[in-house]
Structure formats: C-alpha cells, structure tokens
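Spelled out from the first residue to the last, the chains are:
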Amino acid sequence: MAGKPLHIGVLALQGAFREHRQRLESLGALVREVRLPADLVGLDGLVLPGGESTTMARLLTEYALWQPIRKFHAGGGAVWGTCAGAILLAREVRGAPPQFGGQQASLGLLDAAVQRNAFGRQINSFAAPLPVSGLEEPFPAVFIRAPAFSDVGSQATVLATWEGQAVMLRQGAVLATAFHPELSPDARIHALFLMMVAETKTEMA
Ligand code: GLN
C-alpha cells in the first residue's frame, strides 16, 4: 500500500484474531493485538473479530474496554466487527442466551439491531458467493452461526443481504460483516476496511 502504513488493532481477547492479523499484515498494515485500553493509543483502526459474543462481552467488562473503544471511535478511529464482533457493535442484541435474561451489552456504534444465530445453529454454517455493493465479483463469504441485522437506521447503509437479511453494513467509520472475510482466500473486504481507515484518518487530519 502506498504512503505511511496504517496502524490497526485487532481485539485479541478471544476468537479468530490471528487470521485478521495475517490478512491485514499481508496488505501492508502494522497490526497490534489489543487486550488493554492502553493498546488502543495511536491506532488508526480497530477490528473486533468473530468468536462468541457473550464471552467477548464479558471479557470487555473484565478488561474495562467498553468506554475506551467508544472513545476510540468518537475520536475518529475506524472500527470493523466480523460476526461476534459485529454483534458487539449493534445498538441492540436479540437472541442472547436465556441465562443472561436475554440481555447482552453492546457498544451501540451501529444504528441497527442484530439477531444472533439468524441462519440457524452450528450445523447451518455455510459458504456462499455473496454480492457486495462496490465489489465487482461476489465475495466468497463464510457464515458461521452468523447474525443478521434489522431495523437499520437511516445513517447506516446495507452493503450486502443474504436470503433477504442484511449481512453487511457501513455507517461512517464503522463496518460490520455478519460473515468471516478473514477465513476466505480473498482480501477485498480487508482492503475496503483499510481504505475506510485511510479516508477517516485524512478527514480527521
Ligand atoms: N453465534 C456467535 C455469537 O452469537 C457468533 C459466531 C461467530 O462469530 N462466528 O456470538
């Protein structure tokens, strides 16, 4: 990538963070694993990976990361959530396990509700050629117990739908994918995020 490398953090509390790291590095980004609030300092963008969102939410509380991530975004940092990470971004989480009273905390950086496991349980994980707005060819999307978005606010744009459900959204410097681009041999969505990060950085400069 031309110009100065971008500094991207990957939340590394749980889940598929190594795959994001490798893909971002292959595109020229400098990647730091984020576990503590201090790890966010100096980053241009942050990726919240897939995994298990109830566990990740619990770890965000344990490591006191909720407010620092919101502040990172408010200060102009771009944020991308994949699957469980996208669940963390939403305004409202539906389908949380009953032992948590069906409630699950979220960052609220994306004006949309999210339904967990919208395409069924683990056995219903699948790969599909997904048409994505802005990409010429469909993206080979891997869905693993994937969520879907609904009640999308006017500030957010739906970039992809599958079976009539929204699975990729962008709202300003926030990107959300219900699927796992880091598990596909295709770097286009990581490249798209790095472009968003670069744009946001220029706007803030
Ligand atoms: N179903 C998981 C959840 O609700 C997300 C799965 C994933 O990240 N692949 O947390």
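Refer to the structure printed above.
Calculation criteria
Residues numbered from 1 in each chain as written. Predicted model: local features only at pLDDT ≥ 70, side-chain atom pairs only at ≥ 80, totals over all residues. Heavy atoms only, no water. Helix = DSSP H or I, 4+ residues; strand = E, 2+ residues; numbered from the N terminus. Expected span 1.5 Å × (residues − 1). Buried < 20%, exposed > 50% of the residue type's maximum accessible area, 1.4 Å probe, protein only. Arc of directions from axis to C-beta. Polar contact = N/O pair within 3.5 Å; in protein donor to acceptor, adjacent residues only side chain to side chain. Contact = heavy atoms within 4.5 Å.

1. Observations concerning helix α5 (residues 188–204)
Part 1 of the argument: With 17 residues, α5 ought to run about 24 Å at 1.5 Å a step, and its terminal C-alpha atoms sit 24 Å apart, in line with that.
Part 2 of the argument: Residues of α5 that are buried include every one of I189, H190, F193, L194, M196, V197 and T200, and no others. Each buried residue of α5 lies within a common arc of 155° when the element is viewed along its axis, so the set occupies one face. Summarising the geometry of α5, the exposed residues directed more than 90 degrees from the buried face are M195, T202 and E203.

2. Remarks on unusual backbone geometry
Part 1 of the argument: Positive phi, normally seen in glycine, also occurs at A64, with a value near 55°.
Part 2 of the argument: Turning to its location among the elements, A64 is positioned in the loop between α2 (53–62) and α3 (66–74).
Part 3 of the argument: The backbone of N117 sits at a positive phi, close to 50°, despite the residue not being glycine.
Part 4 of the argument: Its place among the elements puts N117 in the loop between β6 (110–115) and β7 (126–130).

3. Things to note about the side chain of H190
Part 1 of the argument: Within the secondary structure, H190 sits in helix α5.
Part 2 of the argument: The exposure class assigned to H190 is buried, which follows from its relative accessible area of 0%.
Part 3 of the argument: Engagement of the side chain of H190 in a polar contact is seen with the side chain of H20, the distance being 2.9 Å.
Part 4 of the argument: Non-local contacts of H190, meaning those with residues more than four positions away in its chain, are made with H20, R23, L24, L27, W80, P181 and E182.

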